[in-house]
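Structure assessment
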Amino acid sequence: MRLKGKGAIVTGAGSGFGEGIAKRFALEGAGVTVADVNDTAGRRVAGEISTAGGKAVFVHADVTRSQDWASLVGAAQSAFGRLDIVVNNAGWTHRKKPYAEVTEAEFDKIYAVNVKSVYLSALHALPVFRKLGGGCFVNVASTAGLRPRPGLTVYNSSKAAVILMSKSMAAEFGPDKVRVNCVNPVFSPDTGLSAEFAGGAITEEVKRMYLATIPLGRFSTPLDVANACLYLASDEAAMVSGSCIEVDGARCV
């Protein structure tokens with residue numbers, strides 16, 4: 001088991017990529033703290049992990065609130081005795097529309113959920129990692145931060161911020177043996193935000209349009225993203241920090 005004995009937090013783990021990451025980590029032996037604002041979804045994922053023989057607890061957490069991060073990190077340590085990995089997966093977007101139609105409230109929420117959450121995670125997890133002698137952050141950004149699509153400018157810029165923040169964190173935290181990497185998934189119709197990205201219903205025509213931009217000819221799946229996160233969180237990536245893995249079928253080439 002590649003994460004045996006490790007403790008992990010996965011945010012936004014009640015569905016989509018986060019659910020896939022949480023379940024994959026548990027299968028590899030990690031004790032997983034499932035964090036989400038949706039209590040029903042989060043409890044379901046934690047329960048399914050436990051039923052399958054894994055170790056998981058659910059913690060309600062708004063990733064934009066410092067106090068929630070303090071409680072989340074404390075709960076993870078209490079449940080599993082240690083915290084080795086934080087996966088910042090929770091995200092949000094405005095619906096695809098012209099830049100000038102994005103409201104200030106939408107802008108603020110996007111940056112709070114997508115960027116401020118990463119900042120807060122480090123404020124609360126970094127001291128724990130330092131005491132442990134090391135740790136790992138995996139930040140789920142997006143191909144949107146590298147190859148943006150029109151109509152999602154504010155979202156795109158927030159993911160670009162996560163990519164650069166991850167690299168800078170890696171450079172700064174390296175002396176503490178703390179690694180920081182990110183994963184950039186391409187569009188997936190299986191996530192809760194897919195209709196927002198597309199600007200409406202996910203029809204077969206919309207799927208064909210997006211699929212035509214992915215050379216490998218298919219969408220990213222939760223398992224694809226989870227496998228990339230698993231590698232970065234494992235000891236196999238002990239010398240990998242400040243890197244981004246595009247899980248995009250060559251979309252960004």
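Residues numbered from 1 in each chain as written. Predicted model: local features only at pLDDT ≥ 70, side-chain atom pairs only at ≥ 80, totals over all residues. Heavy atoms only, no water.

**Remarks on the pattern of salt bridges**
Scanning the model with the defined rule gives 14 salt bridges in all. Between Asp176 and Arg130 there is a salt bridge, with its nearest N and O atoms 3.0 Å apart. In this pair, Asp176 is assigned in the loop between helix 5 (153–173) and strand 6 (178–185) and Arg130 in helix 4 (residues 104–132), connecting sequence segments 46 residues apart. Here Arg130 falls in the partly exposed class, since its relative accessible area comes to 46%. Taken together, the shared-partner salt bridges in this structure form one network comprising Glu19, Lys23, Arg44 and Glu48. (Salt bridge = Lys/Arg side-chain N within 4 Å of Asp/Glu carboxyl O. Helix = DSSP H or I, 4+ residues; strand = E, 2+ residues; numbered from the N terminus. Buried < 20%, exposed > 50% of the residue type's maximum accessible area, 1.4 Å probe, protein only.)

**Focus: the packing of aromatic side chains**
Taken as a whole, this structure holds six aromatic pairs when the rule is applied. Summarising the aromatic geometry, the rings of Phe107 and Tyr111 are spaced 4.8 Å apart at their centres and angled 15° between planes, so their arrangement reads as stacked. A residue pair is termed a helical-turn pair when its members lie 3 or 4 positions apart in one helix, as Phe107 and Tyr111 do in helix 4 at four residues. Tyr111 gets classed as partly exposed once you look at its relative accessible area, which sits at 24%. (Phe/Tyr/Trp six-rings, centres within 6.5 Å; stacked < 30°, edge-to-face > 60°.)

**Some details on the environment of Gly20**
Locating Gly20 in the fold gives a position in helix 1 (residues 16–27). Residue Gly20 is classed as buried on the basis of its relative accessible area of 16%. Along the chain, Gly20 and Ser78 lie 58 residues apart, while their C-alpha atoms are 24 Å from each other.

**Concerning unusual backbone geometry**
Positive phi, close to 60°, is recorded for Lys177, a residue that is not glycine. Turning to its location among the elements, Lys177 is positioned in the loop between helix 5 and strand 6.

Interpretation in functional terms is not warranted from these geometric data alone.
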